[in-house]
Amino acid sequence: MKEKRMIKIASLNLWRFNEWERRLPLIVESIKKVNPDIIFFQEMQTDISFDKRNQLDILNSFLKYPHQMFTLADIKTKRKGVPLSHPVDHGLGVLSKFEFSTDKIMLTKAEDDKEQRILQVNNFNIDGQNFNLANIHFSNSDKWAEAHFKETLDILKDKKTGIIGDFNIKDIKKYRELFEKVYISSADFKDYVSYPEDNLSYDYMLIPNDYIFDDFECIDANISDHRMIVAEISM
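Residues numbered from 1 in each chain as written. Predicted model: local features only at pLDDT ≥ 70, side-chain atom pairs only at ≥ 80, totals over all residues. Heavy atoms only, no water.

Engineer: Got a minute to help me understand the pattern of salt bridges in this structure?
Structural biologist: Between side chains of opposite charge, a pair can form as their charged atoms come close. Inspection of every chain in the model, using the stated rule, returns 15 salt bridges. A salt bridge links Arg16 to Glu43, with the nearest nitrogen and oxygen atoms 2.5 Å apart. With a gap of 27 residues between them, Arg16 in the loop between strand 1 (6-13) and helix 1 (20-34) and Glu43 in strand 2 (residues 38-46) connect regions that are remote in the sequence. Take Arg16: its relative accessible area is 28%, and that puts it in the partly exposed class. Within this structure, Lys76, Glu115 and Arg117 form a network of salt bridges that share partners. (Salt bridge = Lys/Arg side-chain N within 4 Å of Asp/Glu carboxyl O. Helix = DSSP H or I, 4+ residues; strand = E, 2+ residues; numbered from the N terminus. Buried < 20%, exposed > 50% of the residue type's maximum accessible area, 1.4 Å probe, protein only.)

Engineer: Which parts of the structure should I look at to understand the packing of helix 1 against helix 2 (residues 55-63)?
Structural biologist: Packed helices, taken two at a time, are described by the angle between their axes plus the distance between the axes. For the pair helix 1 and helix 2, interaxial distance at closest approach is 10 Å and the crossing angle is 50°. Judged by the inter-axis angle, helix 1 sits oblique to helix 2. Note on packing geometry: the crossing formed by helix 1 with helix 2 is right-handed. Contacts from Trp20, Leu24, Ile27, Val28, Ile31 and Lys32 in helix 1 reach Gln55, Ile58, Leu59, Phe62 and Leu63 in helix 2. Its residues assigned to classes, the contact of helix 1 with helix 2 comprises nine nonpolar, one polar and one charged. (Axes fitted to C-alpha atoms, helices over the stretch in contact; angles between N-to-C directions. Parallel < 35°, antiparallel > 145°, perpendicular 65-115°, else oblique. Left-handed = near helix turned anticlockwise from the far one by under 90°. Contact = heavy atoms within 4.5 Å. Nonpolar A, V, L, I, M, F, W, Y, C, P; charged D, E, K, R; others polar.)

Right under this line is the structure:
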């Protein structure tokens, strides 16, 4: 029987460049304190009005992870209906202590949805073994988020892939019948609130059911509008 390997994984919706000057040192401090092996980010941007670099490059200039990937999901030309003076890249990011490769999979965009969503599917080489973890950020409506979740489960049904990030789903447990034969949910392991403004959780980790949650926490550090979720997982 193959011995399991425990790794620490974190996920944070970065909240774009909002309050960036205040938050940046706090984000860096929090990540250094948690010291995850892998951290996934949602709502990462390149916005030249703040910096020529994308937010992943900015963060990693302080964090010094050996491996990183920013994956473009959409290019924004408007903010709240107002045209921007320059396009803004919007996507998903990952920092890792392990080597990995990334595939980008487009999710179906509803006709009235303003944003393109993707799966950032990452294959990590950990001690000679391969592990797949998908970073996600589904669209911000109950209908679209549910459609993206079902589409993601279908895309990944023949692959052994954890699903981590901002699901924009208020209660993942109500979809348990869709995933319980394949996945264990962080919401079943522990009750937590990842989005304090609504007193709800939108951020989850779904791991293959032969993996184990050894520990899980949702960290209130005032570093984003979302709280960072962190798990120690035996894989």
